[in-house]
Amino acid sequence: MSNFWDRIKPAPKPVSATDAKLSADGESLTLTWDDGATTTATAQVLRQQCPCAACVDEWTAKRTLDPSQVPANLRVLQMQPVGNYALAFVFSDQHNTGIYPWKHLRDITQSQG
Ligand SMILES: [Zn+2]
């Protein structure tokens, strides 16, 4: 993973993450951003905000996933970078089709301290 992060070049985008860490139990993600902010979200929130076509209607942008169907004990089993613009996750419910661009991750995570 460190090789990937080392290769990131400054991009003309508002924000991008410079580091991403999963908690040991996979229940939360912490992101460090190039503007110095640190944000975090639980696996449950990430799953609830999945932007894939199975969770959001592509034409209306309306969320078709019922957030109440996502259990609080959901975990991220695996995380991987997508190019240098997004992250993808494998969740413990086996859902793995979401690609989370930095802007979406910034929107759905909460500032820390
Ligand atoms: Zn999805």
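Here is what the cut-offs are and how they apply
Residues numbered from 1 in each chain as written. Predicted model: local features only at pLDDT ≥ 70, side-chain atom pairs only at ≥ 80, totals over all residues. Heavy atoms only, no water. Phe/Tyr/Trp six-rings, centres within 6.5 Å; stacked < 30°, edge-to-face > 60°. Helix = DSSP H or I, 4+ residues; strand = E, 2+ residues; numbered from the N terminus. Buried < 20%, exposed > 50% of the residue type's maximum accessible area, 1.4 Å probe, protein only. Lys NZ or Arg CZ within 6 Å of the ring centre and 35° of its normal. Pairing = 2+ DSSP bridges.

If you look the protein chain up in an unreviewed UniProt entry, it shows as Gamma-butyrobetaine hydroxylase-like N-terminal domain-containing protein from Corallococcus caeni.

A.B. asks: Would you mind going over the packing of aromatic side chains in detail, with residue names and values included?
C.D. replies: Counting across every chain of the model gives 3 aromatic pairs. A ring pair is formed by Phe89 and Tyr100, whose centres lie 5.0 Å apart and whose planes are at 80 degrees; its orientation type is edge-to-face. In this pair, Phe89 sits in strand β5 (residues 86–91) while Tyr100 sits in strand β6 (residues 99–101), placing the two residues 11 residues apart along the sequence. Exposure class is identical for Phe89 and Tyr100. Each is buried. Among the aromatic residues, ring-to-ring pairing joins Phe89, Phe91 and Tyr100 into one connected group. Seen from the ring of Trp33, Arg106 lies directly overhead, with NZ or CZ sitting 5.1 Å from the centre.

A.B. asks: Quick one: what's the story with the pairing of strand β3 (residues 38–42), residue by residue and with numbers?
C.D. replies: Of the two faces of β3, only one is covered, namely that formed by Thr39 and Ala41; the face formed by Thr38, Thr40 and Thr42 stays uncovered. As defined by bridge partners, strand β2 (residues 28–33) adjoins β3 across 5 bridges and the pair is classed as antiparallel. Within the sheet, the bridge partner assigned to Thr30 lies in β3 and is Thr40. Hairpin connection from β2 to β3: 4 residues lie between these consecutive antiparallel strands, with Gly36 at a positive phi of about 95 degrees. Looking at chain direction, β3 and strand β7 (residues 110–111) are connected through 2 bridges and run antiparallel. Bridging from a neighbouring strand, Thr39 pairs with Ser111 of β7.

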